[in-house]
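This is what each chain is made of:
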Amino acid sequence: MALKIPITEKPKAFSAARNRTALFIINKVQISGRKVKKVINMSDKLYDTLKWIAQIVLPAIGTLYFALASIWGLPYGEQIVGTITAIDAFLGAILGISTANYNKRKEEEDEL
């Protein structure tokens, strides 16, 4: 079921130079009788920060806790590392989808 949202202004054109667009489909909205996809814009800085967290920080924290839990007998080593790994995998998947959608959108814009 499509959510009808009244829009008072025309949607802004996509600008690859200004923003990396994370094409997370929130809902299909109806504008002037046609259905379009609503997207969330993600700045380059936010994307780069999330990518750094997913590629460097979370694996390092997981490894550190696992090693210290083994040495010092800290509680719930496997559960905590498993949770960190699950969060990291989810973040990596979201960023991968975002990159694929960004590249697809960029190609479509270049064709115009």
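Everything below is about the structure printed above this text.
As a starting point, this report considers the structure included with it. (Residues numbered from 1 in each chain as written. Predicted model: local features only at pLDDT ≥ 70, side-chain atom pairs only at ≥ 80, totals over all residues. Heavy atoms only, no water.)

Points about unusual backbone geometry
Consideration 1: Positive phi outside glycine occurs at Tyr-76, with the angle close to 55 degrees.
Consideration 2: Within the secondary structure, Tyr-76 is located in the loop between α1 (44–72) and α2 (77–111). (Helix = DSSP H or I, 4+ residues; strand = E, 2+ residues; numbered from the N terminus.)

Concerning the environment of Met-42
Consideration 1: Tracing the chain through its elements places Met-42 in strand β4 (residues 40–42).
Consideration 2: With a relative accessible area of 7%, Met-42 lands in the buried category.
Consideration 3: Spatially, the C-alpha atoms of Met-42 and Ser-98 are 9.1 Å apart, while their sequence positions differ by 56 residues. (Buried < 20%, exposed > 50% of the residue type's maximum accessible area, 1.4 Å probe, protein only.)

Remarks on the side chain of Asp-88
Consideration 1: Position of Asp-88 relative to the elements: it lies in helix α2.
Consideration 2: Of the buried charged residues, Asp-88 lacks a salt bridge, with Lys-51 as the closest side chain of opposite charge at 12 Å.
Consideration 3: Setting aside its immediate chain neighbours within four residues, Asp-88 contacts Ile-53, Ala-54, Leu-58 and Pro-59. (Lys, Arg positive; Asp, Glu negative; His and termini not counted. Salt bridge = Lys/Arg side-chain N within 4 Å of Asp/Glu carboxyl O. Contact = heavy atoms within 4.5 Å.)

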